[in-house]
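Structure assessment
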Amino acid sequence: MWGGRFAEGPSAIMREINASIPFDKALWRQDIAGSRAHVAMLAAEDIVSAADAKAIDAGLQTIAAEYERDGVPEDWDLEDIHMTVESRLAELVGPVAGRLHTARSRNDQVATDFKLWMREAMLRAEAGIAALQHALVTRAGEHADTIMPGFTHLQTAQPVTLGHHLLAYYEMARRDRSRFADARVRMDECPLGSAALAGTGFPIDREATSRALGFARPTRNSLDAVSDRDFAMDYLAAASQCAIHLSRLAEELIIWASQPFGFVRMPDTLSTGSSIMPQKKNPDAAELVRGHAGRIVGCATALMVTMKGLPLAYSKDMQDDKPPVFEAAGLLDLCLAAAAGMVADSRFEVARMRQAAELGYATATDLADWLVREADIPFREAHHITGAAVRLAEGRGVALDALSLDELAAIDSRIDERVFAALSIDASVAARASYGGTAPDQVRQRVAEARSELGIDE
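Presented here is a report on the structure given in the accompanying data block. (Residues numbered from 1 in each chain as written. Predicted model: local features only at pLDDT ≥ 70, side-chain atom pairs only at ≥ 80, totals over all residues. Heavy atoms only, no water.)

This part takes up the side chain of Asp 176. Within the secondary structure, Asp 176 is located in helix α7 (residues 162–186). A distance of 2.9 Å separates the side chain of Asp 176 from the side chain of Arg 179, its partner in a polar contact. (Helix = DSSP H or I, 4+ residues; strand = E, 2+ residues; numbered from the N terminus. Polar contact = N/O pair within 3.5 Å; in protein donor to acceptor, adjacent residues only side chain to side chain.)

Turning our attention to the nonpolar core. One recurring pattern in soluble globular proteins: nonpolar side chains tend to sit buried together. Grouped together as the largest cluster of nonpolar side chains are 96 residues, with contacts concentrated most on Met 118, Phe 180, Tyr 235, Trp 256 and Leu 332. With 16 residues, helix α10 (residues 230–257) is the largest single contributor of residues to this core. Beyond its immediate stretch of four places on either side in the chain, Phe 180 contacts Met 122, Ala 125, Glu 126, Ile 129, Tyr 235, Ala 238, Ala 239, Cys 242 and Leu 332. Within the second largest apolar cluster, 19 residues are counted, among which are Ile 377, Ala 389, Ala 393 and Leu 400. (Core = buried A, V, L, I, M, F, W, Y, C linked by side-chain atoms within 4.5 Å. Buried < 20%, exposed > 50% of the residue type's maximum accessible area, 1.4 Å probe, protein only. Contact = heavy atoms within 4.5 Å.)

Once that is clear, we can look at the packing of α7 against α10. Packing of α7 against α10 brings their axes to within 8 Å, and their N-to-C directions diverge by 165°. Regarding the angle of α7 to α10, the classification is roughly antiparallel. Crossing of α7 against α10: the hand is left-handed. Across the interface between the two elements, Leu 162, His 165, Tyr 169, Met 172, Arg 175, Asp 176, Arg 179, Phe 180, Ala 183 and Arg 186 of α7 pack against Asp 234, Tyr 235, Ala 238, Ala 239, Gln 241, Cys 242, His 245, Arg 248, Leu 249, Glu 252 and Trp 256 of α10. In the contact of α7 with α10, the residues fall into eleven nonpolar, three polar and seven charged. (Axes fitted to C-alpha atoms, helices over the stretch in contact; angles between N-to-C directions. Parallel < 35°, antiparallel > 145°, perpendicular 65-115°, else oblique. Left-handed = near helix turned anticlockwise from the far one by under 90°. Nonpolar A, V, L, I, M, F, W, Y, C, P; charged D, E, K, R; others polar.)

Once that is clear, we can look at the environment of Pro 378. By the secondary structure assignment, Pro 378 is in the loop between α14 (364–375) and α15 (379–396). The exposure class assigned to Pro 378 is exposed, which follows from its relative accessible area of 52%. Between the C-alpha atom of Pro 378 and that of Ala 368, which follows or precedes it by ten residues, the distance is 9.4 Å.

Excluding glycine, residues mostly carry a negative phi; peptide bonds, for their part, are mostly trans. Cis geometry is adopted by the peptide bond preceding Ala 313, which originates at Leu 312 and carries an omega value of 5°. Relative to the assigned elements, Ala 313 resides in the loop between α11 (284–307) and α12 (322–345). Positive phi is not limited to glycine here, since His 153 has a value of about 60°. Mapped onto the elements, His 153 comes out in the loop between β1 (147–152) and β2 (155–161). Even without a glycine there, the phi angle at Asp 376 is positive, about 55°. Examined against the element boundaries, Asp 376 turns out to sit in the loop between α14 and α15.

Position of Ser 271 relative to the elements: it lies in the loop between β5 (264–265) and α11. By relative accessible area, Ser 271 is classed as buried at 15%. Here the side chain of Ser 271 touches Pro 267 through a polar contact of 2.9 Å, landing on its backbone oxygen. Not counting residues within four places of it along the chain, the set of residues in contact with Ser 271 comprises Met 266, Lys 281 and Asn 282.

Our focus in this paragraph is the pattern of salt bridges. All chains considered together, the criterion is met by 38 salt bridges. Asp 57 is paired through a salt bridge with Arg 36; the nearest N and O atoms lie 2.7 Å apart. With a gap of 21 residues between them, Asp 57 in helix α4 (residues 50–70) and Arg 36 in helix α3 (residues 28–44) connect regions that are remote in the sequence. Residue classification places Asp 57 among the buried residues on the basis of a relative accessible area of 18%. Judged by its relative accessible area of 33%, Arg 36 falls in the partly exposed class. Here Arg 418 and Glu 374 are joined by a salt bridge, their closest N and O atoms 3.2 Å apart. In this pair, Arg 418 sits in the loop between α16 (405–411) and α17 (420–423) while Glu 374 sits in helix α14, placing the two residues 44 residues apart along the sequence. Look at Arg 418 and you get partly exposed, because its relative accessible area is 42%. According to the relative accessible area criterion, Glu 374 is partly exposed, its value standing at 36%. (Salt bridge = Lys/Arg side-chain N within 4 Å of Asp/Glu carboxyl O.)

Here is the structure:
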């Protein structure tokens with residue numbers, strides 16, 4: 001390829017460091033689609049003849065069929081997927097293949113290919129998140145009344161419903177899905193026709209190639225178009241945030257599945273055993289989702305650091321843009337599928353959750369609220385009175401509602417028999433009926449809204 005400019009070929013070291021075909025061959029479908037759109041436009045604008053365009057298009061379709069059947073060959077002397085396709089095209093149609101590269105550069109070609117691939121990756125992520133949301137909403141509806149302890153600092157705080165807890169992850173997933181959707185809107189501009197960096201002197205129709213490839217419009221600045229990788233960083237940023245949420249969900253399932261908690265039984269299909277301990281059922285899928293989050297965040301960091309110091313327009317550093325994106329996308333797709341499977345197929349231990357909620361004085365706040373509401377006591381004073389009641393119950397090894405009225409009244413004479421209606425975990429949960437609260441009726445309303453958002457029929 002460089003014979004017109006260089007007297008000698010590249011050294012073995014240069015050949016190895018320069019070749020990207022081992023990873024950018026993943027773009028072959030996008031590369032052929034972009035080339036077909038480009039040559040069709042060239043013919044429509046009489047830049048190449050209709051006969052030449054027809055031969056080139058037929059050759060590209062033949063290459064696509066070969067790659068679909070046999071895979072993409074790796075010839076490192078051809079460097080990348082673009083030259084690999086062009087070389088094969090020359091073998092099929094002869095010198096006319098050279099007309100395909102009229103009015104374009106590998107710079108705008110790779111940017112276009114990568115955007116096309118990223119668009120598909122974003123759509124896959126959105127579909128994976130939607131599947132997880134479906135599982136979360138379904139299980140939340142089943143457990144709108146299931147009581148469990150809510151935690152802060154991993155200490156028992158207040159009783160909540162399992163449905164409410166699961167819907168918290170639905171909200172995280174909802175934001176994750178919106179980030180990918182927003183990123184798709186921002187990247188919906190076609191770089192093809194920007195050429196190397198300055199545009200081209202040929203009378204091309206960039207609107208036509210944009211439409212043919214499904215973009216809303218062509219990019220407005222050729223320098224930016226060939227050097228922009230914001231779309232890839234947008235994807236990685238959204239993937240990182242999503243992976244962090246998946247990791248939090250996985251961590252909770254891991255904790256809940258442990259014997260001291262016993263809140264959930266993970267599906268056999270997403271668990272493993274031990275090579276030495278027959279009793280073990282390890283939540284390995286959840287642990288790998290948790291672990292893969294670190295790799296996805298690392299991929300985002302890698303590309304951001306690569307891009308941070310590059311001048312306009314294209315630099316060869318940008319060849320390193322694809323490996324972290326490809327890795328992160330593969331991991332995210334897998335993690336989303338695993339998370340959806342774990343939520344859908346896990347068995348929640350309802351009785352154990354309720355038992356845990358009844359321990360740990362989870363209704364202490366309800367006692368304080370009752371003192372404020374019924375005895376007109378300032379909350380800070382009510383907090384102090386409640387703390388004394390908890391200390392007494394803890395010393396006796398009983399729940400708050402097991403204390404006698406005499407014992408409670410001895411702490412503060414303003415406490416009367418009405419307090420017991422507020423001290424049960426059922427009453428506590430039912431009382432949290434503010435919008436977005438944990439009360440079963442609120443959970444059912446949020447489930448109905450989520451089902452409507454997802455288009456799930458009742």
